[in-house]
Amino acid sequence: MRKILFLLAIQVTMLAASGTARAATLSDTGVLLDRIVAVVNEGIIMQSQLDAKVDQITRQLSAQGTTLPPRSVLEQQVLEQLILQEVQLQRARRLGIRVTDEQLNTTLSRVARRNGITLSELPATMAAQGIDYTRYREDMRDELTLEALHQRDVMARINVSD
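The following refers to the structure shown. (Residues numbered from 1 in each chain as written. Predicted model: local features only at pLDDT ≥ 70, side-chain atom pairs only at ≥ 80, totals over all residues. Heavy atoms only, no water.)

**Quick look at a nonpolar patch on the surface**
Then comes step 1: Together, Val154, Met155, Ile158 and Val160 give the surface a local cluster of nonpolar side chains, amounting to about 420 Å² of exposed area.
Then comes step 2: By secondary structure assignment, the location of Val160 is in the segment after α6 (133–157). (Patch = residues over 30% accessible without salt bridge, like charges linked within 9 Å, V, L, I, M, F, W, Y side chains within 5 Å. Areas by Shrake-Rupley, 256 points an atom, 1.4 Å probe, with all protein chains shown as cover. Salt bridge = Lys/Arg side-chain N within 4 Å of Asp/Glu carboxyl O. Helix = DSSP H or I, 4+ residues; strand = E, 2+ residues; numbered from the N terminus.)

The following block contains the structure:
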C-alpha cells in the first residue's frame, strides 16, 4: 500500500508540473475547462473535484471559526485524501460492493428528517445553501460504499473461538 501511495505521489507531482506547463502555453483563444491532477490506477481525479472539496472544507472551517492553513497545504492534504478514497472505491468495485438507490434514498431521508424536512425538499434546501445536490448524492453514495468496505474488512478479521 505504501509503495502504491509513493508511486501515486510521484505521478501527482509529474502531472501537476506538466499541467502547469500546458496551462501556460494555452492559446489566447483557448479556455482550460478542467485538467487531471492525479491518475489512480484506472481512475482519475480532476482539478474541479479537488477545487470543490477544498472549497467545501474551507467553508466548513470558516463557519466553525477555525484558522485555515495556506491553500497549497490544504490542497495537498485534500488531494492525498481524494487519492486514498479513489483507491478504496476501486477496491470496493473489484469486490462487488454496491450501494443501491434504495439504500442511498433511505440514508438521504434520514439526513432530511434530522434537518426537519422531507427527502423531496432536500435538493432545494441544499441549493439554497450553495450545495450541489447531485454531487452531494454521489458523495453520500461513495461514503456508504466505503462504510460497507470497512464493515467487510472488520467482519473478515473477527474470529470467534470456542
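After presenting the structure, the write-up continues.
**Observations concerning the pattern of salt bridges**
Then comes step 1: Tallying each qualifying case throughout the model produces eight salt bridges.
Then comes step 2: Between Arg71 and Asp55 there is a salt bridge whose closest N-O contact spans 3.5 Å. Taken together, the residues span a long stretch of sequence, with Arg71 in helix α3 (residues 71–94) and Asp55 in helix α2 (residues 47–64) at a distance of 16 residues.
Then comes step 3: Taking relative accessible area as the criterion, Asp55 reaches 33% and is therefore assigned partly exposed. (Buried < 20%, exposed > 50% of the residue type's maximum accessible area, 1.4 Å probe, protein only.)

**Looking at the environment of Arg137**
Then comes step 1: Assignment of secondary structure puts Arg137 in helix α6.
Then comes step 2: Sequence separation of Arg137 and Asn105 is 32 residues, and the distance between their C-alpha atoms is 9.0 Å.
Then comes step 3: Excluding anything up to four places from it in sequence, Arg137 contacts Asp101, Leu104, Asn105 and Leu108. (Contact = heavy atoms within 4.5 Å.)

**Focus: the pairing of strand β2 (residues 43–46)**
Then comes step 1: Of the two faces of β2, only the one carrying Gly43 and Ile45 is buried; Ile44 and Met46 on the other face are not.
Then comes step 2: Here strand β1 (residues 36–40) pairs with β2 via four bridges, running antiparallel. Within the sheet, the bridge partner assigned to Val40 lies in β2 and is Gly43.
Then comes step 3: The turn joining β1 and β2, which pair antiparallel and follow one another in sequence, is formed by two residues; a positive phi near 50° is taken by Asn41. (Pairing = 2+ DSSP bridges.)

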